[in-house]
Amino acid sequence: MDGEAAGKRVVVVGGGVAGASLAKSMQFVADVTLIDPKEYFEIPWANLRSMVEPSFAERTLINHTDYVANGRVITSPAISITENEVLTAEGRSVAYDYLVIATGHAVPIPHNRKDRISQFEQDNQKIKAANSVLIIGGGPTGVELAGEIAVDYPDKKVTVVHKGSRLLEFIGQKASDKTLDWLTAKKVEVLLNQTVDLDSVSESEKIYTTSTGEKINADCHFVCVGKPTGSSWLQNSILKDCLDKTGRLMVDENLCVRGQKNIFAIGDITDVPEIKQGFLAQKHASVVAKNLKLIIKGAKESKLSKYKPASAMAIISLGRKEGVAQLPFMTMIGCIPGIIKSKDLFVGKTRKQLGLDPGTA
Ligand SMILES: Cc1cc2nc3c(=O)[nH]c(=O)nc-3n(C[C@H](O)[C@H](O)[C@H](O)COP(=O)(O)OP(=O)(O)OC[C@H]3O[C@@H](n4cnc5c(N)ncnc54)[C@H](O)[C@@H]3O)c2cc1C
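Rules and cut-offs
Residues numbered from 1 in each chain as written. Predicted model: local features only at pLDDT ≥ 70, side-chain atom pairs only at ≥ 80, totals over all residues. Domains from an automatic or database assignment. Buried ≥ 20, exposed ≤ 12 C-beta atoms within 10 Å, placed from the backbone. Helix = DSSP H or I, 4+ residues; strand = E, 2+ residues; numbered from the N terminus. Pairing = 2+ DSSP bridges. Expected span 1.5 Å × (residues − 1). Arc of directions from axis to C-beta. Contact = placed C-beta atoms within 7 Å. Axes fitted to C-alpha atoms, helices over the stretch in contact; angles between N-to-C directions. Near = placed C-beta within 6 Å. Nonpolar A, V, L, I, M, F, W, Y, C, P; charged D, E, K, R; others polar. Core = buried A, V, L, I, M, F, W, Y, C linked by C-beta atoms within 7 Å.

Looking now at the domain arrangement of the protein. Domains assigned within the protein are domain 1 (3-37 + 76-107 + 227-304) and domain 2 (125-225). Here the C-alpha centre of domain 2 lies 35 Å away from the C-alpha centre of domain 1.

This is how it looks when you write it as structure tokens:
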């Protein structure tokens, strides 16, 4: 890349699956800055394993500077943007020629790797010390956590309370039914169409009351409800009219934010009509990286790559050896999805994609 192109400032906001991938691919092509509230990238779908086996997190939490060797990392949340700058909570204004927004979900987690590992160790102590565990939420996080505990600690009583009429509502009914059967066979109790009032839960009392009045005895609980979309920081910005009613950024087929010329969005923050998955977030990143390289070289808009929404595909792990897969025309449960995902949870693969040693599974 020539000197002028290498001088183009590409700012990536959000160091999750999508933003990490984009920053890595653009770092030798442009002047890249990655902005994220934490010092590290974490592989989100590995977190539930780290709660039952904290040492697993050593390979899944990766300092941004380990894969952004030729760029700048700013550790701070972005709080707003203007036509040419990103403003951060710590008071910086970061100028951009091209901006890529990848703030999928915003959840407060520790600032550095060490504290995040301690958090997993505390969760693990909590699980180990309990005879009974309540999981609130039967989406992918609640189901994967229930699977991890049921397999690693088969003597503990696990209860999942879910407000919907079926588990894993983001995929098909058959996958939900098979998952319910699998959990039930592992003696996990699943209560559907019920909620637990989060304000009234108290671990010291050890009795939780659901919205239908059912009482659950549990020594501890984990809240596994959906994470909020990470767009609140844009609500009073120049992009406020580009957010749909669910808070997602509306993008065109080139993943350019609607009505903008130099602002792109990738990953779960976008309104692309497809299941929100990390491997699709990585595909978004590769389309935008390709397009940015073309734009920087002066290519016409008609030459840019288009992104086509993907058909429904997801694998939910059920402990270390099994899983449930939603494929475009079928669902599958058991060892085959387990072989694909559940042993290493794509950790080695994700590390390799970031140019790192995959480490041992
Ligand atoms: C239990 C579970 C299992 C899953 N399993 C799989 C799987 O097997 N395969 C798969 O492909 N997908 C899986 N997914 C989905 C996958 O995790 C998401 O689709 C993926 O994380 C989306 O990536 P993202 O980069 O868009 O957002 P995120 O991963 O949410 O990253 C967003 C980043 O933005 C940062 N951020 C937020 N707000 C700001 C701000 N104001 N300023 C700066 N930075 C900010 C956050 O700190 C974070 O680093 C799973 C999800 C769950 C919950």
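For the rest of this paragraph, the subject is the pairing of strand β10 (residues 132-136). Of all five residues making up β10, four are buried, and the element is well covered by its neighbours. As defined by bridge partners, β10 adjoins strand β11 (residues 157-161) across five bridges and the pair is classed as parallel. Across the sheet, residue L134 finds its bridge partner in β11, namely T159. The pairing of β10 with strand β15 (residues 220-223) spans four bridges and is classified as parallel.

Looking now at helix α6 (residues 113-129). Because each turn of an α-helix spans 3.6 residues, side chains separated by three or four positions in sequence point in the same direction. Given a rise of 1.5 Å per residue, 17 residues ought to cover 24 Å, and the 24 Å separating the end C-alpha atoms of α6 matches this to within 8%. Of all the residues in α6, the buried ones are R116, F120 and I127. Along α6, the residues classed as buried sweep out an arc of 45 degrees about the axis, all on the same side. The outward face of α6, more than 90 degrees from its buried face, is lined by the exposed residues K114, D115, Q122, Q125, K128 and A129. Buried residues belonging to α6 abut β3 (40-42), α3 (47-52), α4 (57-60), β4 (61-63), β10 and α7 (140-152).

Spatially, three strands are ordered β17-β18-β19 in an open sheet, and the strand pairing comes out antiparallel. Whereas interior strands pair on both sides, the edge strands pair on one side only; in this sheet they are β17 (314-318) and β19 (331-334). Strand-to-strand, the axes of this sheet are offset by a mean angle of 10 degrees, without reference to chain direction. Two elements, β17 and strand β18 (residues 322-326), share five bridges in a ladder whose sense is antiparallel. By the bridge assignment for β18, L318 is matched with E322. Lying on the sheet, helix α8 (residues 173-185) is in contact with β17, β18 and β19; it crosses β19 at an angle near 15 degrees.

Among the 35 residues in the neighbourhood of the ligand, the closest are listed as G14, G16, G104, G267 and G278. Looking at the shell around the ligand, the elements that each hand over two or more residues are α2 (17-26), β2 (31-36), α7 and α9 (278-297). Its residues assigned to classes, the shell around the ligand shows 17 nonpolar, twelve polar and six charged. Residue contributions to the shell around the ligand reach at least three from each of two domains, namely domain 1 (3-37 + 76-107 + 227-304) and domain 2 (125-225).

A word on the nonpolar core. Counting residues in hydrophobic clusters, the biggest one holds 103 residues, and the most contacted among them are V12, L22, V100 and I266. Here this core takes nine residues from α9, the largest share from any one element. Counting contributing residues, this core receives three or more from each of domain 1 (3-37 + 76-107 + 227-304) and domain 2 (125-225). Apart from the residues lying within four places of it in its own chain, the contact partners of L22 are V12, V100, A102, I266, A285, V288 and A289.

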